[in-house]
Amino acid sequence: ATGAEALALAKSTETTLVFMDITIQGPIDGIETARRLSSRMDVPIVFLTAHTDTGTIQRAKRERSYGYLVKPFEERELMTTIEMAVSRHKSDMPARLIEQAIASAGIGVILAAVAGPAHRTTMCNHAFEQMSGYAADEVIGRSPWFLEGEATNREASERLRVALDGGGDCQVSYLVYRKDGSPFWVDVVLSAVRGSTGKVTHSLLCFTDASARKRAEGAPVLDS
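Residues numbered from 1 in each chain as written. Predicted model: local features only at pLDDT ≥ 70, side-chain atom pairs only at ≥ 80, totals over all residues. Heavy atoms only, no water.

A. Here's a closer look at the packing of aromatic side chains. Applying the stated criterion to the full structure yields three aromatic pairs. A centroid spacing of 5.0 Å and a plane angle of 90 degrees characterise the contact between Y134 and F146, whose relative ring orientation is edge-to-face. Remark: F146 occurs in the loop between α7 (136-139) and α8 (154-166) and Y134 occurs in the loop between α6 (126-132) and α7; sequence separation between them is 12 residues. Here the aromatic cluster, defined as three or more aromatic residues joined through ring pairs, consists of F128, Y134, F146 and F207. Taking NZ or CZ as reference, K214 lies 4.5 Å from the ring centre of W185, over its face. (Phe/Tyr/Trp six-rings, centres within 6.5 Å; stacked < 30°, edge-to-face > 60°. Helix = DSSP H or I, 4+ residues; strand = E, 2+ residues; numbered from the N terminus. Lys NZ or Arg CZ within 6 Å of the ring centre and 35° of its normal.)

Below is the structure:
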């Protein structure tokens, strides 16, 4: 009946499929309950609702729903939705494993779209947030160059830009800036990501804090 009950039940059982009514009792609705559930376990979720407004559907889509049933529904429709949800969840497994690996990686990772002049960042992981001081919602939508500043090596920066523009690979070390303005050295590895057609669609940028190594090498580290 409530989101809290659903989360507790899912935790105590070996859940393989969830039907989540969007309108439930308590302080959180079914969509928020599904979001919290998805962060704890890898399980397909099908939403049930009597509402078909665009806003509700879009919210449900953002939580990667595996089905959407409008009440009342027939048994045949229910069975088809179950089969599709289970099949899609199984086929999505490799992509979900990659997402989980990136999210838990110990190095900073961002993904930037190749299309468009700004090469908009589409995702970043927790390690990048910790390294840069920026939250994910402050990173998404910006160009990959927002960490650069006055003392950033322009030659290294240009090499990265050329590689991203051309859908190539590149590796540089240069000085960048955290959100609080403090400078630090990073090793950046840029790799092209190709879609199903072989065309480069994104670039993956991996950041490793290189400040300790650069200090040992005698490189200058500026005061913030």
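B. The arrangement of the nonpolar core in detail. Core analysis: the biggest nonpolar cluster contains 24 residues, and F128, L160, Y174, V186, V188 and F207 have the highest contact counts within it. Of all the elements in the fold, those that place two or more residues in this core are β4 (108-113), α6, α8, β6 (170-177), β7 (183-194) and β8 (200-209). Beyond its immediate stretch of four places on either side in the chain, Y174 contacts E148, T152, N153, A156, S157, L160, F184, W185, V186 and V188. (Core = buried A, V, L, I, M, F, W, Y, C linked by side-chain atoms within 4.5 Å. Buried < 20%, exposed > 50% of the residue type's maximum accessible area, 1.4 Å probe, protein only. Contact = heavy atoms within 4.5 Å.)

C. Fine view of the side chain of D187. Relative to the elements of secondary structure, D187 occurs in strand β7. In this structure the side chain of D187 is engaged in a polar contact, spanning 2.5 Å, whose partner is the side chain of R213. Ignoring anything within four residues of it in the chain, the contact list for D187 reads V172, S173, C206, F207, T208, A210 and R213. (Polar contact = N/O pair within 3.5 Å; in protein donor to acceptor, adjacent residues only side chain to side chain.)

D. Quick look at the sheet that holds strand β3 (residues 68-70). Strand order in the open sheet made by the three strands is β1-β2-β3, with parallel pairing throughout. In the strand order of this sheet, the two ends are held by β1 (18-21) and β3, each with one partner. The mean angle between the axes of side-by-side strands here comes to 25 degrees, regardless of whether they run parallel or antiparallel. In this structure, β1 lies alongside strand β2 (residues 45-49), joined through four bridges in parallel fashion. From the neighbouring strand, M20 faces β2, where its bridge partner is F47. Lying on the sheet, helix α2 (residues 30-40) is in contact with β1 and β2; it crosses β2 at an angle near 170 degrees. (Pairing = 2+ DSSP bridges. Axes fitted to C-alpha atoms, helices over the stretch in contact; angles between N-to-C directions.)

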